[in-house]
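Residue-level structural notes
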Amino acid sequence: MNIIEVVNLSKNFKTKKGAITAVKDVSFNVKRGELFGFLGPNGAGKTTTINILCTLLAPTSGKAVLNSFDVESHPNEVRQSIGLVFQDPSLDERLTAKENLEFHAMLYNVPKPVRNDRMKYMLNMVGLYDRRDDMVNTFSGGMKRRLEIARGLLHYPKVLFLDEPTLGLDPQTRSHIWEYINQLRKKEDITIFLTTHYMAEAENCDRVAIIDYGEIIAIDSPDNLKKQIGGDVISLAAEEKDKAKKAIEREYHVSVMENEGGLHFEIKNGETFLPRFIKKADFKILSISLRRPTLEDVFLKLTGRHIREESAETNIAVRMHARRLRR
């Protein structure tokens with residue numbers, strides 16, 4: 001059963017340079033209880049889509065339904081159905097961890113008789129109960145993100161949105177956040193909608209939608225997406241890049257992709273292929289590596305490039321509008 005259904009969703013923004021299409025005719029669904037991932041570079045349309053689903057932005061066209069409620073005609077019912085961990089910090093750092101949760105509980109009408117027990121449970125789940133009376137401005141970035149997750153779950157939402165939940169965190173803290181997310185899936189009957197541009201994080205998802213320039217270009221399980229890659233991935237840097245590219249394509253009948261990092265191509269049985277390839281090459285190899293395919297390779301294959309840097313203008317327009325609505 002689907003808990004989210006999106007049909008032909010689009011969103012345009014006006015900028016000084018003209019109109020920008022942040023989301024373009026997007027359609028997808030999310031199953032109840034699923035960990036669903038939106039994978040793409042910053043500026044691809046991930047946050048805009050989440051903001052529409054969470055009623056923070058109105059779509060230009062199309063339809064979105066969450067927990068059987070239309071996001072435009074029944075916004076209050078949608079808001080009661082969701083929890084949201086924003087990409088940008090949204091805690092009140094002048095309050096304690098407990099006070100932040102109390103304020104959220106009142107906003108979402110969490111019954112007073114169960115409020116304290118529920119706050120205790122959530123703080124214990126994210127390992128912050130012992131810091132409940134500490135000011136949030138004394139917390140590390142990872143602790144703040146864990147507290148935001150606890151706050152987002154306090155009213156028992158049907159869907160928890162995690163918008164780049166580990167953005168800006170160090171690898172160790174990022175790993176700890178994912179431990180909490182995985183614990184959450186085991187303990188709670190909840191659907192998680194994740195946006196990320198970290199390929200390793202997307203591997204945790206049941207299904208992943210790859211989005212680029214506002215359009216979904218593929219959607220499937222991580223394993224099925226990686227099956228689109230025809231074997232192992234060889235990456236190399238050569239002294240004469242053009243000569244190497246032509247020689248490889250001619251000799252092995254493969255498509256060689258080129259970017260700033262060098263040349264990349266796919267080959268079956270890479271471990272036995274590599275020694276023969278190096279021995280036979282009639283060009284100077286500066287470096288070479290072999291690895292199993294990843295979602296990064298899927299993105300590269302589908303778009304012809306790696307994850308790009310953030311499109312600042314689009315993101316600023318989206319974030320400023322969403323912040324105005326949250327006030």
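Look a little higher up for the structure.
Now for a description of the structure that goes with this document. (Residues numbered from 1 in each chain as written. Predicted model: local features only at pLDDT ≥ 70, side-chain atom pairs only at ≥ 80, totals over all residues. Heavy atoms only, no water.)

**Some thoughts on the packing of aromatic side chains**
A complete count under the given rule lists 13 aromatic pairs for this structure. Seen from their ring centres, phenylalanine 38 and phenylalanine 193 are 5.4 Å apart, and the 65° between their planes marks the pair as edge-to-face. Here phenylalanine 193 lies in strand β8 (residues 191-196) and phenylalanine 38 lies in strand β3 (residues 35-39), a separation of 155 residues in the sequence. This pair shows no difference in class: phenylalanine 38 is buried, exactly as phenylalanine 193 is. One aromatic cluster is present, built from ring pairs that chain together Phe28, Phe36, Phe38, Phe161 and Phe193. The ring of phenylalanine 13 is capped by lysine 11, whose NZ or CZ atom sits 5.3 Å from the centre of that ring. (Phe/Tyr/Trp six-rings, centres within 6.5 Å; stacked < 30°, edge-to-face > 60°. Helix = DSSP H or I, 4+ residues; strand = E, 2+ residues; numbered from the N terminus. Buried < 20%, exposed > 50% of the residue type's maximum accessible area, 1.4 Å probe, protein only. Lys NZ or Arg CZ within 6 Å of the ring centre and 35° of its normal.)

**Re the nonpolar core**
Counting residues in each nonpolar core, the largest one holds 44 residues, and the members touching the most others are Leu147, Leu153 and Leu162. Broken down by element, this core gets its largest block of residues, 5 residues, from helix α5 (residues 141-153). Sequence-distant contacts of leucine 153, that is, excluding residues within four places in its chain, are made with Met122, Met125, Leu160, Leu184 and Ile190. Counting 31 residues, the second largest nonpolar core, distinct from the first, contains Phe28, Phe36, Leu53 and Leu66. (Core = buried A, V, L, I, M, F, W, Y, C linked by side-chain atoms within 4.5 Å. Contact = heavy atoms within 4.5 Å.)

**Things to note about the sheet that holds strand β7 (residues 159-163)**
Strand order in this open sheet of 6 strands is β6-β7-β8-β3-β9-β10, and the pairing throughout is mixed. Of all strands in the sheet, those bounded by a partner on one side alone are β6 (82-85) and β10 (215-220). With direction set aside, neighbouring strand axes in the sheet form an average angle of 15°. When β3 meets strand β9 (residues 207-212), the two strands line up parallel, connected through 4 bridges. Along β9, the bridge assignment pairs glycine 37 with valine 208. (Pairing = 2+ DSSP bridges. Axes fitted to C-alpha atoms, helices over the stretch in contact; angles between N-to-C directions.)

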